[in-house]
Amino acid sequence: MNPSEFLAVAGVFFQATLALLFLSLARRSQMREAAYVAAGFGLWALVQLAMVFGLAGSPPGLLAAACWMPVTVLGIAALGSRLLRAQRQLSWQLSQQRSVAEQAMAQARASEARLAELAQQLQQRQAQWQEAQKALAEAREQAQVASRAKSEFLANMSHEIRTPMNAMQGLINLALRSRLDSRQRGYLNRARAAADTLLLIINDILDFSKIEAGKLVLEHRPFLLVQVLDKLQAAIGASAQDKGLTLKMDVPEDLPPVLVGDALRLEQVLVNLCANAVKFTARGEVRVAVRCTQQDSSGEVPNCTLVFAVHDTGVGIQPAQAERLFQPFDQLDPSSTRQHGGTGLGLAICKQLVALMGGKIGVQSKPGEGSEFSFDARLQVGTAEHASVLVQQREATAASQSTDPAAVPAMLRGKRVLLVEDNESNQIVAGDLLREYAGMEVQLARDGKEALACLRDHHFDLVLMDVQMPVMDGYQATALIRREARHQALPIIAMTAHALPSDRHKSLAVGMNDYVTKPFDPAQLFQVLVRWLAPRPVAASAPAMRPPPALPSPAAASLRTSSTAALPPDGDNTEEAVSFALGLQRCLSQRDLYRKVVQRFVSVHAEQPAQLAAALAREAWREAAALAHDLISTAGTIGAEGLSQTARALEQALNAGEATRWAALQATLALQHARVMQALTRYLDDQAAPHR
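Reading the values: rules and limits
- Residues numbered from 1 in each chain as written.
- Predicted model: local features only at pLDDT ≥ 70, side-chain atom pairs only at ≥ 80, totals over all residues.
- Heavy atoms only, no water.
- Helix = DSSP H or I, 4+ residues; strand = E, 2+ residues; numbered from the N terminus.
- Buried < 20%, exposed > 50% of the residue type's maximum accessible area, 1.4 Å probe, protein only.
- Contact = heavy atoms within 4.5 Å.
- Areas by Shrake-Rupley, 256 points an atom, 1.4 Å probe, with all protein chains shown as cover.
- Salt bridge = Lys/Arg side-chain N within 4 Å of Asp/Glu carboxyl O.
- Core = buried A, V, L, I, M, F, W, Y, C linked by side-chain atoms within 4.5 Å.
- Expected span 1.5 Å × (residues − 1).
- Axes fitted to C-alpha atoms, helices over the stretch in contact; angles between N-to-C directions.
- Parallel < 35°, antiparallel > 145°, perpendicular 65-115°, else oblique.
- Left-handed = near helix turned anticlockwise from the far one by under 90°.
- Nonpolar A, V, L, I, M, F, W, Y, C, P; charged D, E, K, R; others polar.
- Phe/Tyr/Trp six-rings, centres within 6.5 Å; stacked < 30°, edge-to-face > 60°.
- Pairing = 2+ DSSP bridges.
- Right-handed = clockwise from strand over helix to strand, strands pointing away.
- Lys, Arg positive; Asp, Glu negative; His and termini not counted.
- Polar contact = N/O pair within 3.5 Å; in protein donor to acceptor, adjacent residues only side chain to side chain.
- Disulfide = S-S within 2.5 Å.
- pLDDT = per-residue confidence, 0-100.

Peer 1: Tell me what's going on with the overall build of the protein, and back it up with residues and numbers.
Peer 2: Assigned secondary structure in the protein consists of 21 helices and 12 strands. Within the protein, buried positions represent 42% of all 692 residues. Nonlocal contacts in the protein, meaning residues at least 24 apart in sequence, comprise 72% of its contacts between residues at least 6 apart. As displayed, the protein has an accessible area near 36,500 Å², and 56% of this comes from carbon and sulfur atoms.

As structure tokens, this is what we get:
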């Protein structure tokens, strides 16, 4: 094959290859123009092939030679036009995409700006939220401080108001035992009734405040139902008899005799309902009915539902009025000329107390025919062992409510008591009461460390533990005592000059069982001792600490009605500074004991205001608070209630860091102390006068 032929064959293969490439392009891209180009190259390949075989002059060769060029040119032109259109379309699409991208970028920038703005707003909101949280925390703290201040105020006011009220009642009772004409006796009887009413109003306000704050917790201890009804009869019977009414008790014999719950609050509800019934009934009767509607003994702890109903034949209540009976401070007759008084709190308190007992209270009434108030209470059923113990305690408590030393519960005699007390006046009073009049064996420890040593070497039936002492206080000592297994069941009674809930909770938390407040009320002290020294069933749980009773105890009432011989000469001249009647009451009406306590106060505490002022000048706040604390119980024991309360306020102000109150309270304390010392000196002179 010569070179020309070789080139011709190569051209054929080249043209064929181009034809196949354009044909493949046409098939893949669906472009007909590429097929035209492929056809042109194919025809050119045929022409080259015809030339190789010498067929260029044949008709097919001539036809292929004539057609390949136009077909190829037309195909290339069409393909170029197609590609140009595609390029334009692609450019348009790219332009559109660029526009979309620019819009997206603009939106992204706008979103970024919006996000930055939202982030700034979020930071502002977070700052506002933090400020709100801070304000809320401050408001919560202020509310808690206000709540604590309210609780302390109520506790202090309870003591401040009840103390003079008790003194008034005691003095009225003493006066009623003296020689009086009918007019004077009538005045005093009205004064006693007014004092009793005022004390009930005070109790209602204090109870409502506790309920409102959610701090009223019911006790859970065994009690005799008959004892509750006996107290109800004693509280209401006299007023019903004075109005010519009959008080009836409808109590079936199949009721559980011993229940477990809060007897004091159950009695409070019944007394309130019965007192209202007597108040609004002019003639007829007041009937108290008790029924057991459900009793379940299938569980671990048997329980029952009791329904109490108080029916009267009084004026009745309009249906529209009955709907708002249980609203606080609501009077059915709001006029200033209403016939019956009251605060409008009694039934509101009853409703809350019944709810705490797991029940509801309601009323059915017809005007002119009478009313029936009823409520149900869910209570546990006590055991026979509970009944035996309660009967013994009832008999012992009745004995403890007498001022006759011979009537002190016999079960106390011979019991060993560890008295942990650093205050000498309290040592004298508590020691003599327990040793001389209760017949108990008393060992003294002056601080918690001495108490621990005594307990290591000796056996005691009960510990009376002061909570604030040098070296080791009562809280630390009790915590250490409870660590020893042999002292887990040892009754430890806190002795405190403060009766705030926080003090009681702290005492309970470290392991103390109960508490008595200083200065001592002998009846209260003996009742607490009886409660913890009386035999207990093994299965019975130890009762928890309980708050002070809302009403004066019968024992305190009996002590206040002791004979006028217990009063010192010219007592009226000094009662503004010192209530000698109250001081004698706290010494079980024993003149010798009271005189010993007064002499001790005069000799030991004469310079206490000067010592307190010096401590304040040295900025020795703890020393000043300890001096003020010492005066709370010692002054209270002798009957100097004003001095005792000022000392209490000064101690609280020192502990709270309220520096603006210190100077005024210290000055008031010094003035009251001087008056007390003058009164006590005159009392001692008067007592010594007959012996000169």
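Peer 1: I'd like a description of the pattern of salt bridges, backed by residues and values.
Peer 2: Counted by the stated rule, this structure contains 13 salt bridges. Ionic pairing is found between Asp 250 and Arg 291, a salt bridge with its closest N-O pair at 2.8 Å. Taken together, the residues Asp 250 in strand β2 (residues 246-250) and Arg 291 in strand β4 (residues 285-296) connect sequence positions 41 residues apart. For Asp 250, a relative accessible area of 29% corresponds to the partly exposed category. One salt bridge connects Asp 432 with Lys 596, and the closest N-O pair in it is separated by 3.0 Å. Of this pair, Asp 432 sits in helix α10 (residues 424-437) while Lys 596 sits in helix α17 (residues 591-604), placing them 164 residues apart in sequence. Judged by its relative accessible area of 39%, Lys 596 is partly exposed. Linked by salt bridges that have partners in common, Lys 248, Glu 285 and Arg 287 make up one network.

Peer 1: Help me get a handle on the nonpolar core, residues and values and all.
Peer 2: Judged by nonpolar contacts, the single largest core of 64 residues is most densely connected at Leu 434, Leu 464, Leu 529, Val 578, Tyr 594, Ile 638 and Val 676. Setting aside chain neighbours within four positions, we find Val 578 in contact with Tyr 594, Ile 638, Gly 639, Ala 640, Val 676, Ala 679 and Leu 680. Counting 43 residues, the second-largest nonpolar core is a separate cluster that includes Leu 266, Val 310, Phe 326 and Leu 353.

Peer 1: So what about helix α19 (residues 621-638)? Which residues, and what values?
Peer 2: For α19, with 18 residues, the first-to-last C-alpha span of 26 Å sits near the 26 Å given by 1.5 Å per residue. By the criterion of burial, α19 is predominantly enclosed, with 13 of the 18 residues buried. Positive phi shows up at Gly 639, right after α19, with a value of about 95 degrees.

Peer 1: Quick one: what's the story with the packing of helix α5 (residues 225-242) against helix α6 (residues 263-279), residue by residue and with numbers?
Peer 2: Running from amino to carboxyl end, α5 crosses α6 at an angle of 25 degrees, the nearest separation of the two axes being 10 Å. Our classification of the angle between α5 and α6 gives roughly parallel. Like other packed secondary-structure pairs, α5 and α6 cross with a definite hand, here right-handed. Only Ala 263, Leu 266, Glu 267, Leu 270, Val 271, Cys 274, Ala 275 and Val 278 of α6 make contact with α5, whose side of the interface consists of Val 228, Leu 229, Lys 231, Leu 232, Ala 235, Ile 236, Ser 239 and Ala 240. Its residues placed into classes, the contact of α5 with α6 shows 13 nonpolar, 1 polar and 2 charged.

Peer 1: Account for the packing of aromatic side chains, with residues named and values stated.
Peer 2: Summed over all chains, the structure comprises 5 aromatic pairs. A connected cluster of aromatic rings, assembled from ring pairs, spans Phe 580, Tyr 594 and Tyr 683.

Peer 1: So, the pairing of strand β9 (residues 441-445): which residues are in play, and what are the values?
Peer 2: Bridging between strand β8 (residues 416-420) and β9 involves 5 bridges; their strand directions are parallel. Counted as the bridge partner of Leu 418 is Gln 443 from β9. Chirality of the crossover, the property in question, places the unit of β8, α10 and β9 among those that are right-handed.

Peer 1: Please give an account of the packing of helix α11 (residues 448-457) against helix α12 (residues 474-482) that cites residues and values.
Peer 2: At a closest axis distance of 9 Å, the pairing of α11 and α12 adopts a crossing angle of 25 degrees. The angle between α11 and α12 falls in the class roughly parallel. Handedness of the α11/α12 crossing: right-handed. Between α11 and α12, the contacting residues are Gly 448, Leu 452 and Leu 455 on the first element and Ala 477, Leu 480 and Ile 481 on the second.

Peer 1: Any chance you could break down the sheet that holds strand β10 (residues 462-466) for me, citing the residues and the numbers?
Peer 2: The 5 strands lie next to each other as β9-β8-β10-β11-β12, forming an open sheet whose pairing is parallel. A strand with exactly one partner marks an edge of an open sheet, and here the two such strands are β9 and β12 (514-517). On average, each strand axis in the sheet is tilted by 20 degrees relative to the strand beside it, whichever way the strands run. One ladder, built from 4 bridges, connects β8 with β10; its direction is parallel.

Peer 1: Mind laying out the environment of Arg 456, listing which residues take part and the relevant values?
Peer 2: Here Arg 456 is to be found in helix α11. Given the relative accessible area of 54%, Arg 456 is considered exposed. Separated by 25 residues in sequence, Arg 456 and Ile 481 place their C-alpha atoms 9.7 Å apart.

Peer 1: Before we move on, can you summarise the side chain of Glu 651 with the specific residues and values?
Peer 2: Position of Glu 651 relative to the elements: it lies in helix α20 (residues 641-656). The side chain of Glu 651 sits in the buried core without any salt bridge; Arg 648 is the nearest counter-charge, 6.5 Å away. Separated by 3.0 Å, the side chains of Glu 651 and His 629 make a polar contact.

Peer 1: Tell me about the state of the cysteines, and name the residues and values.
Peer 2: Disulfides are covalent bonds that link the sulfur atoms of two cysteine residues. Within the structure shown, the criterion is met by 0 disulfides. With no disulfide partner, Cys 292 has as its closest neighbouring cysteine sulfur the one in Cys 304, 4.8 Å distant.

Peer 1: Could you give an account of the environment of Ala 322, naming the residues involved and the relevant values?
Peer 2: The residue Ala 322 is located in helix α7 (residues 319-322) in this model. Note: C-alpha distance between Ala 322 and Gly 362 (40 residues apart in sequence) is 9.0 Å. Apart from residues no more than four positions distant in its own chain, Ala 322 is found in contact with Ile 317 and Val 363.

Peer 1: Tell me about the pairing of β10, and please be specific about residues and values.
Peer 2: Burial within β10 is extensive, with 5 of its 5 residues counted as buried. Side-chain alternation along β10 places Leu 462, Leu 464 and Asp 466 on one buried face and Val 463 and Met 465 on a second face that is also buried. In terms of strand pairing, β10 meets strand β11 (residues 492-496) through 4 bridges, oriented parallel. Across the sheet, residue Leu 464 finds its bridge partner in β11, namely Ile 493. The handedness of the β10 to β11 crossover, carried by α12, is right-handed.

Peer 1: Talk me through unusual backbone geometry; I want residue IDs and the actual numbers.
Peer 2: In this structure, Val 471 takes a positive phi of about 65 degrees despite not being glycine. Looking at where Val 471 falls in the secondary structure, it is placed in the loop between β10 and α12.

Peer 1: Before we move on, can you summarise the confidence of the model for the protein with the specific residues and values?
Peer 2: Here the protein averages 77 in pLDDT, while 70% of its residues score no lower than 70. Ranking the helices and strands of the protein by mean pLDDT puts β8 first, with 95, and helix α15 (residues 554-560) last, with 34. Of the regions scoring below 50 in pLDDT, residues 537-575 engages in 85 contacts with residues more than four places distant in sequence or in other chains.

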